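Here's the letter readout for the chains.
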Amino acid sequence: MPTLSPNHPTNHSLHHFLNIEAISTKTLETLLKLTKHFFDSNGRIYSPKPYLQGKIVANLFFEPSTRTLSSFELAAKHLSATVLTLNVATSSTKKGESLADTVRTIAAMQCDFIIVRHADDGAAEFVAREVGAHTSVINAGDGCHAHPTQALLDMFTLQQHFHDLSKLRVAIVGDILHSRVARSDITALQKLGVRDIRAVAPSILLPTEIEKLGVSTYTDLASGLKDVDVIITLRLQHERMHSLNIVPADYAQQYCITNDTLRYAHKDVKVMHPGPMNRGVEIADDVADGPHSLILEQVKNGVAARMAVLALIAKPELGLLT
Ligand code: NCD
C-alpha cells in the first residue's frame, strides 16, 4: 500500500515539524485553528483532555532560550506528557559526544518527541533522520534557517487582531540575514496570502536571495514603514555575525522603532518581537511597553501554539475538530 511521507502536502496529520515550507497551507490553517482549542472562555490556557498522557517529550536545547524552552515545557505539561529537559551545559556533548549519539541516546529512552534547538542550519532535519520512526522531531530553531513554531504563534497573534491577513502590509525590521524567525514568518505570511511583505535593514543585514522570495527590500526606515499595519522587529544576532561588525548605537540611530518612527506606519500599527529584546537598540521602551505592542501576547500564544503542534502530532484526529 502506498504510504504518505510525514509532511506530505495532502496529509494534514504531522509526524515531524521542521519548517513551514514542509507543511501545506491546510495544515498551517489546521494548527492555527487548533491553537484556539487550548484557551478556555476566560482566555486562559488549558487542555480539555490529557492528549499527551503516557508520552515523553524531551527538550534538547543546544543554544540558550527563555521563551521557547519554557513554553515547550509548559505546553507538554498542560497536555499531561512526561517532560525531560536535558541540561546541555552538563550533558555529554561537553565531553565530545556527537549530536547523532546524543539524539540516538535520548530516542532510545523511548521519547515520543524531541524538541531541538541548535546553532547549525539543518540540525533539526539531521536529528529527524537519526531518530527512529517512533520519535517525532520539532524544530525549536536551527541556526539562521527556520523557527516554525515562532511563525505559528506569530500568525495566530496576527489573526487575533486582523480579520483578513491577506490585506496586511508587514515590515520585518532588523537583522534579517541571521534570523530564522524572519525566514519562517515570511513563508507563513505568504502561505496565508500576505503579499506586501517588506524587509527593512541596512543592506549588509539583508539576505541576497530575499527579493526572489517576493519580499521588497528597504534600507530606509521611513519608506519601509510607510502605512504598514504590522512591524516585526528583530534583534541584532551578534552570535551569528562572525566577522560582521555592527555597532548597536549606530544601528539604533537609523533603525530603532520608537514612538517617533511609528508615525510612518498606519496609526493602529501593531508591533511584534520574538524576544529577547535589546531595548534601546531595535526597539524603544515606550514602544515595547506601549499600546501598539503585542509582545507579551506573542509569549502567551506561544504556549498554546506549541500545544497545537504536539497535540496534532500525537492525535491526528484533532485536525477534524477544527
Ligand atoms: C528568536 C530565536 O531564538 O530565533 N527568539 C525566540 O525563539 N523567541 C529570536 C532571537 O534569538 O533573536
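Residues numbered from 1 in each chain as written. Predicted model: local features only at pLDDT ≥ 70, side-chain atom pairs only at ≥ 80, totals over all residues. Heavy atoms only, no water.

## Concerning the side chain of Asp175
Checked against the element boundaries, Asp175 lands in the loop between β5 (169-173) and α6 (180-191). Buried charge without a partner: Asp175 forms no salt bridge, and the closest opposite charge is Arg240, 6.6 Å away. For Asp175, the side chain forms a polar contact with the side chain of His178, separated by 2.8 Å. In this structure, Asp175 is in contact with Leu205, Leu234, Arg235, Leu236, Gln237 and Met241, ignoring residues within four places of it in sequence. (Helix = DSSP H or I, 4+ residues; strand = E, 2+ residues; numbered from the N terminus. Buried < 20%, exposed > 50% of the residue type's maximum accessible area, 1.4 Å probe, protein only. Lys, Arg positive; Asp, Glu negative; His and termini not counted. Salt bridge = Lys/Arg side-chain N within 4 Å of Asp/Glu carboxyl O. Polar contact = N/O pair within 3.5 Å; in protein donor to acceptor, adjacent residues only side chain to side chain. Contact = heavy atoms within 4.5 Å.)

## Re the sheet that holds strand β3 (residues 113-118)
Ordered by their spatial adjacency, four strands build an open sheet running β2-β1-β3-β4, and the pairing between neighbours is parallel. The open sheet has two edge strands, β2 (82-86) and β4 (136-142), and neither has a second partner. For this sheet, the mean angle separating the axes of adjacent strands, direction not counted, is 15°. Taken together, the five bridges between β3 and β4 define a ladder with parallel strand orientation. When the sheet's bridge partners are listed, Phe113 is paired in β4 with Ser136. Along the sheet, helix α2 (residues 67-78) makes contact with β1 (56-61), β2, β3 and β4, crossing β1 at roughly 175°. (Pairing = 2+ DSSP bridges. Axes fitted to C-alpha atoms, helices over the stretch in contact; angles between N-to-C directions.)

## Overview of the pairing of β2
Where β1 meets β2, five bridges bridge the pair, whose relative direction is parallel. Bridge pairing in β2 links Ile56 to Thr82. Regarding topology, α2 serves as the crossover connection from β1 to the parallel β2, and that connection is right-handed. (Right-handed = clockwise from strand over helix to strand, strands pointing away.)

## Here we look at the site of the ligand
As a structural note, the neighbourhood of the ligand is formed by Thr68, Arg117, His147, Gln150, Arg180, Val181, Arg235, Gln237, Pro274, Gly275 and Pro276. In this structure, Arg117 approaches the ligand through a side-chain N or O atom, which is 3.0 Å from an oxygen atom. Side-chain polar atom of His147 to an oxygen atom of the ligand: 2.7 Å apart, as the coordinates give it. Burial of the ligand by the surrounding chains reaches 93%, relative to a free accessible area of 320 Å². In this structure, the ligand is accommodated by the largest pocket. Residues that form the shell around the ligand fall into these classes: three nonpolar, five polar and three charged. (Near = heavy atom within 4 Å. Areas by Shrake-Rupley, 256 points an atom, 1.4 Å probe, with all protein chains shown as cover. 1 Å grid on protein atoms, 1.4 Å probe; cavity = no way out; pocket = protein on both sides within 12 Å on 5 of 7 lines; lining within 4 Å. Sits in = over half its atoms within 2 Å of the grid points. Nonpolar A, V, L, I, M, F, W, Y, C, P; charged D, E, K, R; others polar.)

## Here's the deal with the packing of helix α5 (residues 148-161) against α6
Where α5 contacts α6, the axes come no closer than 8 Å and their chain directions differ by 50°. One finds that α5 runs oblique with respect to α6. Along this stretch, α5 crosses α6, giving a crossing that reads as right-handed. Contacts from Pro148, Gln150, Ala151, Asp154, Met155 and Leu158 in α5 reach Val181, Ser184, Asp185, Ala188 and Leu189 in α6. (Parallel < 35°, antiparallel > 145°, perpendicular 65-115°, else oblique. Left-handed = near helix turned anticlockwise from the far one by under 90°.)

## Observations regarding the sheet that holds strand β6 (residues 196-200)
For sheets, the rule is that strands pair by backbone hydrogen bonds, running either parallel or antiparallel. Strand order in the open sheet made by the five strands is β7-β6-β5-β8-β9, with parallel pairing throughout. Strands at the two margins of the open sheet, each flanked by one partner only, are β7 (216-218) and β9 (270-272). Direction aside, the axes of adjacent strands within the sheet are offset by 20° on average. Where β5 and strand β8 (residues 230-233) come together, four bridges link them in parallel fashion. Pairing of Ala171 across the sheet is with Ile231, part of β8.

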